[in-house]
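Each chain is listed here by its residues.
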2 protein chains.
Amino acid sequence: MTPSPAPQQRMTKQRAAVLEALEASTEFRSAQAWHDRLRHDGSTVGLATVYRALQALAESGDVDAVVTDSGETLYRRCEAGEEHHHHLRCRLCGRAEDIDMPEFERWADRIASQHGYSRIDHTVELTGVCEACAAEGRG
Amino acid sequence: MTPSPAPQQRMTKQRAAVLEALEASTEFRSAQAWHDRLRHDGSTVGLATVYRALQALAESGDVDAVVTDSGETLYRRCEAGEEHHHHLRCRLCGRAEDIDMPEFERWADRIASQHGYSRIDHTVELTGVCEACAAEGRG
DNA sequence: GTCTTACTGATAATCATTGTCAAAACGAGG
DNA sequence: CCTCGTTTTGACAATGATTATCAGTAAGAC
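So, here is what we can say about the structure in this document. Each chain carries its own residue numbering, running from 1 in the direction its sequence is written. Both sets of labels track the order of writing: A upward for chains, 1 upward for ligands. Only residues with pLDDT of at least 70 get local features here, since the model is predicted, and only at 80 or more are side-chain atom pairs given and counted; chain-wide, interface and lining totals rely on the full set of residues. As a rule here, side-chain values cover all heavy atoms of the structure and leave hydrogens and water aside.

A few words now on the overall build of chain A. Helix and strand content of chain A: five helices and six strands. Where helices and strands are cited, they refer to DSSP runs of H or I of at least four residues and of E of at least two residues respectively, numbered from the N terminus. Taken from N to C terminus, the helices and strands of chain A fall in the order α-β-α-α-β-β-β-β-α-β-α. Based on the C-alpha atoms only, the size of chain A along its principal axes is roughly 60 × 55 × 25 Å. Relative accessibility under 20% of the residue-type maximum defines a buried residue, over 50% an exposed one, and the middle range a partly exposed one, all with a 1.4 Å probe and only protein chains included. Expressed as a percentage of its 139 residues, the buried residues of chain A come to 37%. Considering only residue pairs separated by 6 or more positions, chain A has 44% of its internal contacts joining residues 24 or more positions apart. A residue counts as positive if it is Lys or Arg and as negative if it is Asp or Glu; His and the chain ends are not included. Every charge is mapped onto a representative atom, which is NZ of Lys, CZ of Arg, CG of Asp or CD of Glu. Across chain A, the centroid of the 16 positively charged side chains sits 6 Å from that of the 23 negatively charged ones. Working rule for contacts: check all heavy atoms of both residues, and any pair within 4.5 Å makes them a contact.

Now the structure itself:
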């Protein structure tokens, strides 16, 4: 099989706008929320395009994605080059802190193989209410 | 405020059927999958009813619910009276093992308060491929 | 049995997300 | 700068899981 050439990515103004929006905030937001923000900022980018851009970025590891209990997917920019990590996220405003769990991967692999499971993946997310939101009595 | 009387729950044959189906398996399945199974077993229960029953059971802690990456909610019976726990789930067949992380809650609370977060909740799920599925070369 | 009220089921509605496809825009090569 | 082959876009339709609606049904207390 001929090795198919890496599909090229074009830097369009829409993708640039999405990246810029992501860079301007450290909060987790849904695709629709990012789209709203872009429109409010004057962009005319389409909703589907925002979905596609976020999806592509998540796949390439440039943004973090989490799925909420209600099934919505939230995105935020990922600190470049960082290893796999987890989050402590405010469920009211979307703010998030990066959390380290150095021993978790090893622990997970060990538990999994003890039970005969392979190809392990894991999800660890902490949610709470951040100091600012608590102070304002939200929620 | 007059304490509103606890809303009474009626044991209908539909709920009994859902409970029976849950009892007969230890696997995580979607509401639609449980509905299919019930219909194949001769029940005429409606889809909405299955959703309502599973939802109510999840709320009361009688069944475990997890949200997949694609946003689907999966349910399975919960070992009665068990404390909060986590799962190692086969992403192909839905089989799952209960996992203990005795120190995790404490760890999570500590991390959270270090960052000023309160009202902490957490999600920890391991997914993989179980021995049987791996042997059959699925996936 | 009677009666109140919760429950059911068929179906419509919702909501996030994905597919479709013609028109627009990258960007490599003249 | 111009042309051309591809990729991308955006408006909108379509999907798929879940929820709401609502008239009819059936627990279960008396």
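Read on for the rest.
Turning next to the pattern of salt bridges. Two side chains bearing opposite charge may form a pair once their charged atoms approach each other closely. One side-chain nitrogen of Lys or Arg within 4 Å of one carboxyl oxygen of Asp or Glu is enough to make a salt bridge. One pass over the structure, following the stated rule, counts four salt bridges over all chains. Here Glu27(A) and Arg29(A) are joined by a salt bridge, their closest N and O atoms 3.2 Å apart. Looking at Glu27(A), the relative accessible area reads 22%, which means it is partly exposed. Between Asp98(B) and Arg76(B) there is a salt bridge; the shortest N-O distance is 2.5 Å. Residue Asp98(B) is found in strand β5 (residues 96–99), and its partner Arg76(B) is found in strand β3 (residues 73–77); the two are separated by 22 residues along the sequence.

Here we take up the environment of Leu19(A). With respect to the helices and strands, the residue Leu19(A) is situated in helix α1 (residues 13–23). The sequence separation of Leu19(A) and Ala53(A) amounts to 34 residues, and the corresponding C-alpha distance is 8.8 Å.

So, about the relation of the copies chain A and chain B. Copy one and copy two of the chain differ by a rotation about a common axis and a shift along it. Each copy is superposed on the other by least squares, with the fit set by C-alpha atoms of residues at a pLDDT of at least 70 in both. The transformation that overlays chain A on chain B combines an axial shift of 0.0 Å with a rotation of 180 degrees, and the residual RMSD is 0.1 Å. With respect to symmetry, the two chain copies, as superposed, fit the operation of a two-fold axis. Comparing contact sets, 100% of the residues at the interface of chain A also lie at the interface in chain B, consistent with an isologous, same-surface contact.

By secondary structure assignment, the location of Glu125(B) is in strand β6 (residues 118–129). No salt bridge forms around the buried Glu125(B); measuring N to O, its nearest opposite-charge neighbour Arg89(B) is 5.3 Å away.

The subject of this paragraph is the packing of aromatic side chains. Residues and elements named next belong to chain A. Each Phe, Tyr or Trp ring (for Trp, its six-membered ring) is paired with any other whose centre lies within 6.5 Å, and the angle between the two planes then decides the class: stacked below 30 degrees, edge-to-face above 60, tilted in between. This structure, assessed with the given rule, holds two aromatic pairs over all chains. Ring centres 5.6 Å apart and planes at 35 degrees place the aromatic pair Phe104 and Trp107 in the tilted group. Taken as a pair, Phe104 and Trp107 lie in helix α4 (residues 104–114) at a separation of three residues, close to a single helical turn. No difference in accessibility class separates Phe104 from Trp107, as the two residues are buried. Comment: the charge-over-ring label is applied if NZ (Lys) or CZ (Arg) is within 6 Å of the ring centre and within 35 degrees of the ring normal. Positioned above the aromatic ring of Phe28 is the side chain of Arg89, whose terminal nitrogen or guanidinium carbon lies 5.9 Å from the ring centre.

Looking now at the interface of chain A and chain B. Across the contact, 39 residues belong to chain A and 39 residues belong to chain B. Note on terms: buried area is the combined drop in 1.4 Å-probe accessible area of two parts once they are placed together, counting the loss on both. Roughly 2900 Å² of surface becomes buried between chain A and chain B when both sides are summed, with 58% attributable to carbon and sulfur atoms. Contact with chain B buries surface across chain A, with Tyr117(A), Arg119(A) and Leu126(A) losing the most and accounting together for 22% of the total. Here chain A is connected to chain B by zero salt bridges. Two N or O atoms count as a polar contact when they lie within 3.5 Å, although within protein this holds only if one can serve as hydrogen donor and the other as acceptor, and sequence-adjacent residues are included solely when both atoms are side-chain atoms. There are twelve residue pairs in polar contact (both at pLDDT 80 or more) connecting chain A and chain B. Of all the secondary structure elements, the ones that give two or more residues to the side of chain A that touches chain B are β4 (86–90), β5 (96–99), α4, β6 (118–129) and α5 (131–135) of chain A. The leading source of residues in the side of chain A that touches chain B is β6(A), at twelve residues. Under the scheme applied here, ten amino acids are nonpolar (Ala, Val, Leu, Ile, Met, Phe, Trp, Tyr, Cys and Pro), four are charged (Asp, Glu, Lys and Arg), and all others, including Gly, are polar. Of the residues assigned to the side of chain A that touches chain B, the class counts are 18 nonpolar, ten polar and eleven charged. The pairing criterion is simple: DSSP has to find at least two bridges between the two strands. Sheet topology note: the β6(A)/β6(B) ladder contains nine bridges and is antiparallel.

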